Amino acid sequence: MAKESTKNAGDYFDELRRTRVWRSVFRSGTGSSTLHRALAIQQNVFLHLFPTKARRRMASFSATWYLGTLTFGTFLILVATGIPLMFYYHPSVPQAYADTKDFQFVVSSGMFLRNLHRWSAHAMVFLVFAHMFKVFYRGAYRPPREFNWVIGVVLLLITLLLSYTGYLLPWDQLAYWAITVGSNIASAVPVLGNKIHFMMLGGNAVNANALLRFYVLHCMILPLAALLFVAIHFWRIRKDGGLYTHQSEPATIASKSTSTQPAGEAAR
Amino acid sequence: MSDQKDFTAGMDSNARKSPRRVVFVTRRTSAQVKVTDEDQIQTYPEILFRAVVAIEVLTIALVLIALRFNAPLEGLADPTHTPNPAKAPWYFLGLQEMLHYFPPVVAGVLVPGLVVMALIVIPYFKVNIEADGLFLKDREKRLRIFYIVAVGLSLFLLFPKFDPRVEEHFYVAFVPTLIIAGLMILASRSSPQSSSAFRRYLAARPLSYWVMTWFLFELVVLTVVGTFFRGPGWGWVWPWQPY
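Notes on the structure follow.

Criteria and thresholds
- Residues numbered from 1 in each chain as written.
- Chains lettered and ligands numbered in written order.
- Predicted model: local features only at pLDDT ≥ 70, side-chain atom pairs only at ≥ 80, totals over all residues.
- Helix = DSSP H or I, 4+ residues; strand = E, 2+ residues; numbered from the N terminus.
- Buried ≥ 20, exposed ≤ 12 C-beta atoms within 10 Å, placed from the backbone.
- Contact = placed C-beta atoms within 7 Å.
- Nonpolar A, V, L, I, M, F, W, Y, C, P; charged D, E, K, R; others polar.
- Axes fitted to C-alpha atoms, helices over the stretch in contact; angles between N-to-C directions.
- Parallel < 35°, antiparallel > 145°, perpendicular 65-115°, else oblique.
- Left-handed = near helix turned anticlockwise from the far one by under 90°.
- Core = buried A, V, L, I, M, F, W, Y, C linked by C-beta atoms within 7 Å.
- Domains from an automatic or database assignment.

Some remarks on the overall build of chain A
Working step 1: Scanning chain A for helices and strands turns up 12 helices and one strand.
Working step 2: Written out in order from the N terminus, the α and β elements of chain A read α-α-α-α-β-α-α-α-α-α-α-α-α.
Working step 3: Scored against the burial criterion, the 268 residues of chain A give a buried share of 37%.
Working step 4: Sequence-distant contacts, at least 24 apart, represent 68% of the contacts inside chain A between residues at least 6 apart.

Some thoughts on the interface of chain B and chain A
Much of the literature gives interface size as the accessible area that the parts lose upon coming together.
Working step 1: Contact residues are listed per partner, giving 60 residues for chain B and 71 residues for chain A.
Working step 2: Contributions of two or more residues to the side of chain B that touches chain A are made by helix 1 (30-33), strand 3 (40-42), helix 2 (43-68), helix 4 (104-121) and helix 9 (207-228) of chain B.
Working step 3: Counting residues per element, the side of chain B that touches chain A draws most heavily on helix 2 of chain B, which supplies 16 residues.
Working step 4: Taken together, the residues of the side of chain B that touches chain A sort by class into 41 nonpolar, 11 polar and eight charged.

Regarding the packing of helix 3 (residues 93-101) of chain B against helix 4 of chain B
Residues and elements named next belong to chain B.
Working step 1: At a minimum axis distance of 7 Å, the contact between helix 3 and helix 4 shows a crossing angle of 140°. Taken together, helix 3 and helix 4 sit at an angle that is classed as oblique. For the pair helix 3 and helix 4, the sense of crossing is right-handed. For the pair helix 3 and helix 4, contact is made by L95, M98, L99 and Y101 and by P104, A107, G108, V111 and P112, respectively.
Working step 2: Among the residues making up the contact of helix 3 with helix 4, the classes are represented as eight nonpolar, one polar and no charged.

Side note on the nonpolar core
Working step 1: With 71 residues, the main nonpolar core has M124(A), L168(A), W171(A), A175(A) and A178(A) as its most contacted residues.
Working step 2: Elements with a minimum of two residues in this core: helix 6 (67-87), helix 7 (95-105), helix 8 (110-138), helix 9 (146-168), helix 10 (173-186) and helix 12 (208-239) of chain A together with helix 2 and helix 3 of chain B.
Working step 3: In terms of domain composition, this core takes at least three residues from each of domain 1 (1-73) and domain 2 (90-234) of chain B.
Working step 4: When neighbours within four sequence positions are excluded, A175(A) is seen to be in contact with Y167(A), L168(A), L169(A), P170(A) and A77(B).

Details of the packing of helix 6 of chain A against helix 8 of chain A
Residues and elements named next belong to chain A.
Working step 1: In contact at an axis separation of 8 Å, helix 6 and helix 8 are set at 155° when each is read in the N-to-C sense. One finds that helix 6 runs roughly antiparallel with respect to helix 8. Where helix 6 crosses over helix 8, the handedness of that crossing is left-handed.
Working step 2: Taken together, the residues of the contact of helix 6 with helix 8 sort by class into 15 nonpolar, eight polar and two charged.

Take a look at the structure:
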């Protein structure tokens, strides 16, 4: 009895990690050495986007405020809440509105899912802007990171489009007129304005075609585009030399080192 | 082999910090490798753990908000009944506020297009890379350019004043510009040796800082005004005024 109780949960986990099945899934092997920990990143299709090491001062809260991480967090929440919402939603008029009402009164936890999806969407737009300004004031957009900044601008636009297309889906007065106001701006483009407006909405005004188009963009095309660009965005952090703060920039955390840090050296 | 080699060889001997690494440094690039032995941590588990904790805290906060506040849902969409005011999502209200002052082709197409282009171009501008105080070099020339840009921008922002269709409050977009321009003039009259920490700070700000701060200031002011201070007919209301 006493002998068995000395085996704790960690031991069972270690045993599990040594099994053939586990080893066939995770190729980095077992062990807690620096090498194994590096392999855990490098040998994983998702994690290999990241560098295996990072500067310690970049892990402090004041360096980044974790704004990029948090933005990605809202994206994960939006995917996790968006898929169950899709199960109950028909992108047709006026069924879309009835389905949205059902989230309030019929679907179990429907109200909570819709609330979480909506507030997370607002949070994502806010966090993307905050992330952009923080990166700017840190000077982290400077070479060799200039192209990752451009990808960030693309991600900002994708985020705005994601939020904007999602805005129409409840098909209530708020949604309808917000999209009407927004899409009218497209008509102001010289020469092609009305054509663009028509293509966007599938008609001359917000109607059932617009709802379907916005639905497809919101649930399929834009999330996939976001995922692709997020992957490049993360990967470029590694390729461009890891998270970085220019030491002469304001609000830089006090660094222990004294000499200047060249760009693109470490953690490739 | 008495002539000087054009490279030096070194080896990082701290095996705990880095795998064995031999570097060959040509003289031209030696500045690139004059690097601090910066303390590094491993992504797994340290960075990933922090990221997961950060996302968990965010999730808890958003779940609490979702439990407490319901997402708005109004009546069924009715194309025959326009609400007054009809507002875009909050992040476009800065744009909508500008549409109140300028013709759609300016406020809806030209300005946002220029903003996106400017954002993309930022890191490719040499002036931004230097990160020197704006007025520390070529002071006279740069001041002259600054005055021309500031006056031009002010005229552009005051343009709605002469448009009879726009009534009051045209200065919403103008005041932030005025404040930033004032700070820039103060910066041009400050030196990095100033006894005031604030003026030392201003003197060291590069051009990119001023442009971005002006943009951020305008964005926040226009969005806040569009969200909280606009009522029926896009007229001015106070946030506490019901309409």
